[in-house]
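# A structural walkthrough
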Amino acid sequence: MPPRLVLHDITVFRGERLVLDRVSLKMHDGEALLLTGPNGAGKSTLLRTIAGLRRPDGGTMRWDGRAVTDFALHATRLAYLGHLDALKPGLTLAENLALFARHGEADLSAALDHVDLQPLADLPARLLSAGQKRRAAIARVLLARAPLWLLDEPSLGLDAAAIGRLGAVLAAHRAQGGMVIATTHVPLPLPEAATLTLAPPVLSLPDFAA
Amino acid sequence: MNTILFGLIGRELRLALRHGADTLAVLLFFLLCGSLFPLALGPSQELLRRMAPGIVWVCALLATLLPLDRLFGNELEDGSLDQLLLLGVPPSLVAGAKITAHWLTTGLPLLLAASPMAIMLGMKPADLAPLLIGLLLGTPTLSLLGGMAAATVLGARRGGVLLPLLVLPLATPVLIFGAAAAYAGQFGQSDLVELDLLGAFLALSALLCPLAAGTGLRAAAAS
């Protein structure tokens, strides 16, 4: 079976600094990949590049064998969980997520159920704790119903029980043929995940110039 | 795509409702700014009546600028911008929806407050029509220009200072023709040319500003 997502020699500069140096990876349906590496190794940048929030400065990204050019279409294939939870403090939890419930209200309460937030649905987001906000952001990932999940430190601020639920959610997603790419500094409940360790690139532009 | 567009606008309106003080601040700024003129120019009825259209227009322009730096700034700070850009619609549509909401929560209230202010400054109710039609065409243009500028400076240091410097020159044609239309009405001349031009500005900016703003949003998310 050909891989669903292929990255070939992805290179990204931030300003004049080389952040990602020819990163390549392949993802098949149901696979999980953990991105590890020290701070500043470019884990988040790689996730944002795969999400299409940032265009690579070199290399290609292919989906089903075809180069990704339509990023609005590409966005419908993925769900992205960033560092920030992207919740408006003034809106209730349900109102915050309503925009992302592309498949209706029932889907929204199901997603909230999965992260055990259904009883808090009508509470303003400003009253939620950090862990609850994180779980709300994970509910948004569920709502996208996308095959590819890009998770930037998904377990940040979660307690042991919530991490267990996250593991169940991730396992269900993979069982349905979904893919997960996650960055992490702590062990994540992702059995049989491949690991890609990003090292800070040794080459930078000043080195070239010298 | 339409569901997302209306969903976005609805979300913005709901946010504006929850933070009603923001909209109120714009209105109060508009009215306070306008009431400074009688204090500074003296209470001469004739002078104020003649200056009223210009005063209303300048105050409306300045009040429109007030909420601009938070228009996209909030979204960038709390990470919502990434999620909005990943909704699967073009960035220009996201920008367009935000700009529409900006007009509904800023331009529209200003339009409603313009009549009382113009009458307070001594304009005759019969002369109000050209002023209000001008504002109806002009305030959406100001929102569009402002939204474009806000998206362009998004993520830049000192964006809040840059913003008026970008918007004010672009807004001068709207100001000139908007005020001219109101004056033409006051002096019993035809105001059709000015209003036509305001309509043309609106049509042009409705087409171009969301595109430019969308590019700005994408650049801000990428940096």
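The rules behind these values
Residues numbered from 1 in each chain as written. Chains lettered and ligands numbered in written order. Predicted model: local features only at pLDDT ≥ 70, side-chain atom pairs only at ≥ 80, totals over all residues. UniProt positions renumbered as here; feature names shortened; annotations may be inferred. Helix = DSSP H or I, 4+ residues; strand = E, 2+ residues; numbered from the N terminus. Rg over C-alpha atoms; globule rule 2.2 N^0.38 Å. Buried ≥ 20, exposed ≤ 12 C-beta atoms within 10 Å, placed from the backbone. Contact = placed C-beta atoms within 7 Å. Nonpolar A, V, L, I, M, F, W, Y, C, P; charged D, E, K, R; others polar. Axes fitted to C-alpha atoms, helices over the stretch in contact; angles between N-to-C directions. Parallel < 35°, antiparallel > 145°, perpendicular 65-115°, else oblique. Domains from an automatic or database assignment. Core = buried A, V, L, I, M, F, W, Y, C linked by C-beta atoms within 7 Å. Pairing = 2+ DSSP bridges.

Going by the annotation in an unreviewed UniProt entry, the name recorded for chain B is Heme exporter protein B, with Acidomonas methanolica NBRC 104435 given as the source organism. For the record of chain B, the UniProt heading Subcellular location (unreviewed entry) holds the text "Cell inner membrane". What the UniProt record of chain B gives under Sequence similarities (unreviewed entry) is the line "Belongs to the CcmB/CycW/HelB family."

A word on the overall build of chain A. Of regular secondary structure, chain A possesses 7 helices and 9 strands. Compactness check: chain A gives a C-alpha radius of gyration of 18 Å against a globular reference of 17 Å for 210 residues, within 12% of the reference. Every one of the 210 residues in chain A was classed for burial, and the buried ones make up 41%.

Our next topic: the UniProt feature "transmembrane region" (unreviewed entry) in chain B. Residues and elements named next belong to chain B. Those residues carrying the UniProt feature "transmembrane region" (unreviewed entry) are residues 21-42, 84-111, 131-154, 161-185 and 197-217 in this numbering. The distance from the first to the last C-alpha atom of residues 84-111 is 29 Å, and the span holds 82% helix and 0% strand. Secondary structure across residues 131-154 divides into 92% helix and 0% strand, with the first and last C-alpha atoms of the span separated by 33 Å.

Further remarks concern the interface of chain A and chain B. Contacts between the two partners involve 19 residues from chain A and, on the opposite side, 20 residues from chain B. A per-class count over the side of chain A that touches chain B returns 10 nonpolar, 4 polar and 5 charged.

Residues and elements named next belong to chain B. Interaxial distance between helix H7 (residues 128-152) and helix H8 (residues 159-186) falls to 9 Å at its minimum, and their mutual angle equals 170°. When the axes of H7 and H8 are compared, the pair comes out roughly antiparallel. Among the residues making up the contact of H7 with H8, the classes are represented as 17 nonpolar, 7 polar and no charged.

Moving on: the domain arrangement of chain A. Residues and elements named next belong to chain A. When the domains of chain A are assigned, the result is domain 1 (1-77 + 148-210) and domain 2 (88-145). On a C-alpha basis, the centroid separation for the pair domain 1 and domain 2 is 24 Å. Across the boundary between the two partners, domain 1 contributes 10 residues, which contact 10 residues of domain 2. With 4 residues, helix H6 (residues 160-175) is the single largest residue contributor to the side of domain 1 that touches domain 2. In the side of domain 1 that touches domain 2, the residues fall into 7 nonpolar, 1 polar and 2 charged.

Right, let's get into the nonpolar core. Counting residues in each nonpolar core, the largest one holds 125 residues, and the members touching the most others are Ala139 and Leu150 of chain A together with Val56, Ala60 and Leu217 of chain B. Shared between two domains, this core takes at least three residues from each, and those domains are domain 1 (1-77 + 148-210) and domain 2 (88-145) of chain A. In this structure, Ala60 of chain B is in contact with Phe30, Leu110, Ala114, Leu135 and Thr139 of chain B, ignoring residues within four places of it in sequence.

Regular strands place side chains that alternate from one sheet face to the opposite one. As paired elements, strand E1 (residues 5-14) of chain A and strand E2 (residues 17-27) of chain A share 7 bridges and run antiparallel to each other. Bridge pairing links Val6 of chain A to Lys26 of chain A in E2 of chain A.

All names here are of chain A. In spatial order, the strands read E6-E7-E8-E3-E9; together these 5 strands make up an open sheet with parallel pairing. Sheet topology places strand E6 (78-81) and strand E9 (194-197) at the edges, where each strand pairs with a single neighbour. Taken over all neighbouring pairs, the strand axes of this sheet differ in orientation by 15° on average, direction set aside. Sheet topology places strand E3 (residues 32-36) next to strand E8 (residues 179-183); 4 bridges connect them, and they run parallel. Bridge pairing in E8 places Ala32 opposite Val180. The sheet strands contacting helix H5 (residues 130-144) are E6 and strand E7 (148-152), and the helix crosses E6 at an angle near 175°.

This paragraph deals with unusual backbone geometry. All names here are of chain A. Phi is positive for Asp9, which is not a glycine, with a value near 55°. Tracing the backbone shows Asp9 in strand E1. At Glu153, a position not held by glycine, the phi torsion is positive, near 50°. As for its position among the elements, Glu153 is in the loop between E7 and H6. Judged by the 20 C-beta atoms lying within 10 Å of it, Glu153 falls in the buried class.

In this section: the sheet that holds E2 of chain A. The strands making up a sheet associate through hydrogen bonds between their backbones, and the pairing can be parallel or antiparallel. All names here are of chain A. With antiparallel pairing, 4 strands are arranged side by side in an open sheet as E2-E1-E4-E5. Because the sheet does not close on itself, it has two edges, and the strands there are E2 and strand E5 (66-67). The pairing of strand E4 (residues 58-63) with E5 spans 2 bridges and is classified as antiparallel. Residue pairing in the sheet places Trp63 in a bridge with Arg66 of E5. Sitting on the sheet, helix H1 (residues 43-51) is in contact with E1, E2 and E4, with an inclination near 60° to E2.

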